[in-house]
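Each chain, written out:
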Amino acid sequence: MIGLIAEKVGMTQVFDANGVLTPVTVLKVGDNVVVGEKTAEKNGYNAVVIGYGTIKKKNVTKPYAGQFAEGIEPTRKLVEFRDFEVECKAGDKLGIEVLEGIDSVDVIGTSKGKGYAGVMKRHNFGGGRATHGSKFHRQNGGVGMSSTPGKLMKGLKMAGRLGSDRVTVQNLKVVKYDAEKKVILIAGAVPGTAKSLVLVRKAIK
């Protein structure tokens with residue numbers, strides 16, 4: 001697997017050689033620090049632990065700081081990439097050059113939180129009649145059972161918290177790499193708010 005941690009800057013638009021306008025998401029790829037390695041002999045699998053971003057010392061707990069080797073500053077985020085295809089060791093810094101040459105990527109992030117939402121917004125219910133006097137416009141209707149087992153089943157689609165979920169968007173086309181500015185332009189939208197961290201990896205499909 002090849003992947004890095006990036007920061008979502010926002011969206012813009014670019015023109016290609018034929019003059020076609022393409023909306024793109026801008027991802028900034030700063031220094032990804034190799035925090036540690038896991039081996040099949042010791043841990044049962046091969047992986048590389050990568051850190052990104054800075055964090056204030058007062059916010060670093062002792063258990064969290066214990067994951068970092070001597071000489072490596074604690075980072076804001078830690079991610080484990082299994083079967084990493086790039087040769088590296090603890091303390092190395094990886095940048096946008098790791099991803100250059102890859103045409104399609106998968107982006108993993110946390111979707112925007114939208115708070116408490118009803119069934120029409122959360123599950124795309126049709127709702128009731130919008131006519132006067134129906135008293136059933138945007139409700140979910142009856143949820144009880146008239147027969148065995150006579151209870152509410154788990155997973156019933158009802159109102160509740162919407163968003164703030166881990167979302168993976170696959171096979172996004174890379175429009176441009178800018179090594180000087182350390183940014184990647186990806187066609188389309190990716191999950192998360194501006195300044196949020198996302199994982200960018202080589203498309204697996």
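Every chain's residues receive numbers from 1 upward, in the order its sequence appears when written. The model is predicted, so local features are restricted to residues of pLDDT at least 70 and side-chain atom pairs to those at 80 or more, both for listing and for counting; the totals for chains, interfaces and linings are taken over all residues. Computation of side-chain values: all heavy atoms of the structure, hydrogens and water removed.

## Looking at the pairing of strand S10 (residues 166–178)
- Strand pairing follows a simple DSSP-based rule, namely that at least 2 bridges must link the two strands. The way it works is that DSSP assigns letters per residue, a run of H or I at least four long becomes a helix, a run of E at least two long becomes a strand, and they are numbered from the N terminus. With six bridges joining them, strand S7 (residues 104–110) and S10 adopt antiparallel strand pairing. Note that in S10 the partner of Gly109 across the bridge is Val167.
- As paired strands, S10 and strand S11 (residues 183–187) are joined by four bridges and run antiparallel to one another. Its bridge partner lying in S11, Tyr177 is registered against Ile184.

## Points about the pattern of salt bridges
- Basic side-chain nitrogens of Lys or Arg form a salt bridge, by our definition, when they fall within 4 Å of a carboxyl oxygen of Asp or Glu. Scanning the model with the defined rule gives four salt bridges in all.
- Here Lys89 makes a salt bridge to Asp92, at a shortest N to O gap of 3.6 Å.
- Note on classification: 1.4 Å probe, protein chains only; a residue is buried when its accessible area is under 20% of the maximum for its type, exposed when over 50%, partly exposed between these limits. Take Asp92: its relative accessible area is 23%, and that puts it in the partly exposed class.
- The salt bridge partner of Asp106 is Arg201, with a shortest N-O separation of 3.3 Å. Taken together, the positions of Asp106 in strand S7 and Arg201 in strand S12 (residues 197–202) put the pair 95 residues apart, joining distant regions of the chain.
- On the accessibility criterion, Asp106 (1% relative accessible area) is buried.

## Examining the sheet that holds strand S3 (residues 32–38)
- Taken together, four strands build an open sheet; the order of strands is S5-S4-S3-S6 and the sheet is antiparallel. Edge positions in the sheet fall to strand S5 (75–82) and strand S6 (93–94), since each of these pairs with one other strand and no more.
- Pairing of S3 with strand S4 (residues 47–54) involves five bridges; the strand directions are antiparallel. Paired with Val33 across the bridge in S4 is Gly51.

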